[in-house]
Structure formats: C-alpha cells, structure tokens
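What follows is the residue order along each chain.
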Amino acid sequence: MATIADLVVKLGIDGDDLESGIESIAGGLERNLGRITAGGVAAGAALEGFARSQAPMEEQTRRIAAATGLHSDAVRELAIDISNVTFPLEDALNLMEAGRQQGLDSAEALGEFATFWDMVGDATGEAGPELGNAGVALRAVGIAAGEEADALAAFGFIAEETTSSIGGFLQFIERTGPELNSLGLDVNEAAAILGILETELGMSGRTARQEFRSAVNEAEGDLGVMLDTLGISAETFDTYRSKVEESSGVIERNADLHADSYTAMQRVQHALDELMFRYGTLFEVAGQLAMPLLALGPISKGV
C-alpha cells in the first residue's frame, strides 16, 4: 500500500512546501477555532431555543387534533389564520382548547369561538383565554357553546356602562343562572338590572351583584317581587333593557380601537412568530441537531 510519502514523490510535491501548507492550515484553524466554536455553539443554542419555544404549542396542537379528530396540520393552520398582532398564537390555541372542552369539534366552530373571546378580551383588557373558560356560565342562561354572540350586547353594556368586569359578570351568571331562569330573565335583562343598581341606586359593581343575588333568591321565581325588593320600577327596567340592546356594537368598536394601538414592529414580530409556529413540527429535529453543536464548546477545549 502506498504511503503518503510515496504519493508526495509521485505527484512531484515538494516536501517543504507540503509541510509549510499543513502548518498554514493548522495555524489558520488554531487562530479561528474560537470563532468556529462560537458560531457552532450559537447555532446550537438557537436551535435549542427554537425547539423549547415550539414544543408546548406543538403538544397542544396535537392534543386538540387528537380530541377533535382534526389533522394536526389543520389545527395549526387554523391557529395561524385566526391569530393576529392582538391575538397571540398561544392564546388562539388555549381558546381553541377551551372551545373543545365545551363541546365544539369542527374547525369553523373552534375558530369562531376563539375569535369571539379574543375580541371581548381586546375590548375590555381582560384575558381572552380566561374569559373563554368562564364563558361556560352562559349555558346557565340558555346560550349554547358557539352562540356566545347572543351575549354581545350585555357584554358591551357591562363594559361601558358599569364598573363591573366581564369576568365578574360571568361569575355572577354562573352562580345565579338557575334562579335567573326561574324568573324568566335572560343575559341582557340581568345586565340591565346590574346597570340600574349601579347607576340609579349608586351601588358598586360588587355590591350590585350581591344585592341582585339576594333579591333573586328571595323572589322565589316572581319577577315582580324581585324588582320591588330592589326598588326598581317597570319603567326603569324597560329603559335599561333598551340601553343594553343599543350596546351591541361596543365590544367590536373597542376591540378595533385596541388593534390600532399596536406598532409596526409588533406586527412584524407576530409574523415571525407565525413563521416559527408553521414549522414547529421540526422542533424535535432542531433539538437533536442542537446537541452536537452545543458540544463544540467542550470539544474545542479538549483540542
């Protein structure tokens, strides 16, 4: 078998030149080893960061897909389609999960559910996913999952005409729903009464909810008795019901105003987040590639 020395002779390479060339290459590697290592380690860190950031959302995407029978790619594309600069992808997935837990299983229904609660959150400054979970209370007053828009006027009135939060209102509905049903009151009429107690009788939001609950329990299904207990006339009740109905556009208006407050850079960042999520299925590969690159640091020290 020919040795390297034999090959050098056959090729007519000068030994001194070969030695000088090898020394030059070695010197270049030695001088730049730090840069090469730093670059590799930085790339490894970036891949590891990408893998860690995408793993939780990818896991949730797969869970939603498994529970609904949708393909994970369809769930991912739905989240991207409904999200925007005011609606982070993580919130979109959380709201889709909330909708799934409340019985929705089609892509269209999940998308509408998530978009609705995000709009309410944007309009009020409250967390959309938390509102979506609390929205199950609407079942107590006859509003099914996927029909949350029926409460839009009540939400608009509560947000604009009272000191109560939407979350507090939903909590009240959850606790008082059966009794409200026995009185024949819907979500708009419940909002109207809370508005009367605050505006006309000077109660705080919390006190109004407490007094309303007590009066409902004492009424034993008689609306007239309840209104008398609270000191509300039929005329005042009718006036405030009309005010609630006129508030149907408040939530959408305030959500649009909120969207206008975001900067161009925030919109660019959201676009980058969408791009990373679109290729989030690669997080496992990225995590595997990160390991040998991060190992360059210890290896270079050994060299």
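Chains are numbered independently. Their residues run from 1 in the order of the written sequence. Per-residue local features of the predicted model are confined to residues with pLDDT of at least 70, and side-chain atom pairs are confined, for both listing and counting, to 80 or more; whole-chain, interface and lining totals are unaffected and use all residues. Note that the side-chain values use all heavy atoms of the structure and ignore hydrogens as well as water.

Peer 1: If you had to explain the overall build of the protein to someone new, which residues and values would you point to?
Peer 2: Scanning the protein for helices and strands turns up 16 helices and 0 strands. Only protein chains enter the accessibility calculation, which uses a 1.4 Å probe. A residue is then buried if its area is under 20% of the maximum for its type, exposed if over 50%, and partly exposed in between. For the protein, buried positions account for 40% of its 303 residues. A contact between two residues is defined here by any heavy atoms of the two lying within 4.5 Å. The long-range share in the protein, meaning contacts at least 24 apart out of those at least 6 apart in sequence, stands at 72%. Secondary structure elements follow DSSP: runs of H or I no shorter than four residues count as helices, runs of E no shorter than two count as strands, and numbering proceeds from the N terminus.

Peer 1: Quick one: what's the story with the nonpolar core, residue by residue and with numbers?
Peer 2: Met96, Trp117, Phe155, Phe169, Ile193, Phe212 and Met226 are the most contacted members of the largest nonpolar core, which totals 68 residues. Per-element tally for this core: the top contributor is helix H5 (residues 107-124), with 9 residues. As used in this record, nonpolar core signifies buried Ala, Val, Leu, Ile, Met, Phe, Trp, Tyr and Cys residues forming a set joined through side-chain atoms within 4.5 Å.

Peer 1: Break down the packing of helix H8 (residues 166-183) against helix H10 (residues 205-219) for me, with residues and values.
Peer 2: Where H8 meets H10, the axes come as close as 9 Å, and the angle between the chain directions of the two elements is 15°. Classed by the angle they form, the pair H8 and H10 counts as roughly parallel. Classified by chirality, the crossing of H10 by H8 is left-handed. Residue-level inspection shows Gly168, Phe172, Arg175, Thr176, Glu179, Leu180 and Leu183 of H8 in contact with H10, the latter providing Arg209, Phe212, Arg213, Val216, Asn217 and Ala219. Under the scheme applied, nonpolar residues are Ala, Val, Leu, Ile, Met, Phe, Trp, Tyr, Cys and Pro; charged residues are Asp, Glu, Lys and Arg; polar residues are all the others, including Gly. Here the contact of H8 with H10 is composed, by residue class, of 6 nonpolar, 3 polar and 4 charged. Angles shown run from 0 to 180 degrees and are taken between the N-to-C directions of axes, each axis being a line fitted to C-alpha atoms and, for helices, limited to the stretch in contact. Roughly parallel here means an angle under 35 degrees, roughly antiparallel means over 145, roughly perpendicular means 65 to 115, and every remaining angle is called oblique. Note: crossing handedness is left-handed where the near helix turns anticlockwise from the far helix by less than a right angle, and right-handed where it turns clockwise.

Peer 1: Break down the packing of aromatic side chains for me, with residues and values.
Peer 2: For Phe, Tyr and Trp, where Trp contributes only its six-membered ring, two rings pair if their centres lie within 6.5 Å, and the inter-plane angle classes them as stacked under 30 degrees, edge-to-face over 60, or tilted in between. Under the counting rule described, the total for this entry stands at 7 aromatic pairs. When the centroid spacing of 6.5 Å and the interplanar angle of 65° are considered together, the rings of Phe113 and Trp117 count as edge-to-face. Remark: Trp117 and Phe113 occur in helix H5; sequence separation between them is 4 residues, near one turn of the helix. According to the relative accessible area criterion, Phe113 is buried, its value standing at 2%. When the centroid spacing of 6.4 Å and the interplanar angle of 90° are considered together, the rings of Phe157 and Tyr240 count as edge-to-face. Of this pair, Phe157 sits in helix H7 (residues 152-161) while Tyr240 sits in helix H12 (residues 234-245), and the two are 83 residues apart along the sequence. Taken individually, Phe157 and Tyr240 each receive the classification buried, so the pair is uniform in this respect. Taken together, Phe113, Phe116, Trp117, Phe155 and Phe169 form an aromatic cluster joined through their ring pairs. Only lysine NZ and arginine CZ atoms are considered, and such an atom sits over a ring when it is within 6 Å of the ring centre and within 35 degrees of the ring normal. Directly above the ring of Phe237 sits Arg241, whose terminal nitrogen or CZ lies 4.6 Å from the centroid.

Peer 1: Go over the confidence of the model for the protein, please, and point to the residues and values.
Peer 2: Model confidence for the protein is summarised by a mean pLDDT of 80, while 74% of its residues fall at 70 or above. Every residue in residues 7-11 scores below 50 in pLDDT, and together they form 2 contacts with partners more than four places removed in sequence or on other chains. For every residue, the predictor reports its confidence as pLDDT, a number between 0 and 100. Confidence drops under pLDDT 50 across residues 36-48; counting only partners more than four residues distant or on other chains, this segment forms 22 contacts.

Peer 1: Just give me the short version of the side chain of Glu189, but keep the residues and values in it.
Peer 2: Following the sequence through the fold, Glu189 ends up in helix H9 (residues 187-199). Side-chain polar atoms of Glu189 contact the side chain of Arg241, separated by 2.9 Å. When sequence neighbours within four positions are dropped, the list of residues in contact with Glu189 reads Gly184, Phe237 and Arg241. Within 3.5 Å is the distance limit for a polar contact, defined as a pair of N or O atoms, with the added protein rule that one can donate a hydrogen and the other accept it, and that residues adjacent in sequence qualify only through two side-chain atoms.

Peer 1: Outline the environment of Leu257, listing residues and values.
Peer 2: The residue Leu257 is located in helix H13 (residues 250-259) in this model. For Leu257, a relative accessible area of 55% puts it in the exposed group. Taking the C-alpha atoms as reference points, Leu257 and Ala123, 134 residues apart in sequence, are found 8.0 Å from one another.

Peer 1: Could you give me a rundown of unusual backbone geometry, with the residues and numbers involved?
Peer 2: Even without being a glycine, Glu220 presents a positive backbone phi close to 55°. With respect to the helices and strands, the residue Glu220 is situated in the loop between H10 and helix H11 (223-230). Accessibility expressed as a relative area gives 74% for Glu220, which makes it exposed.

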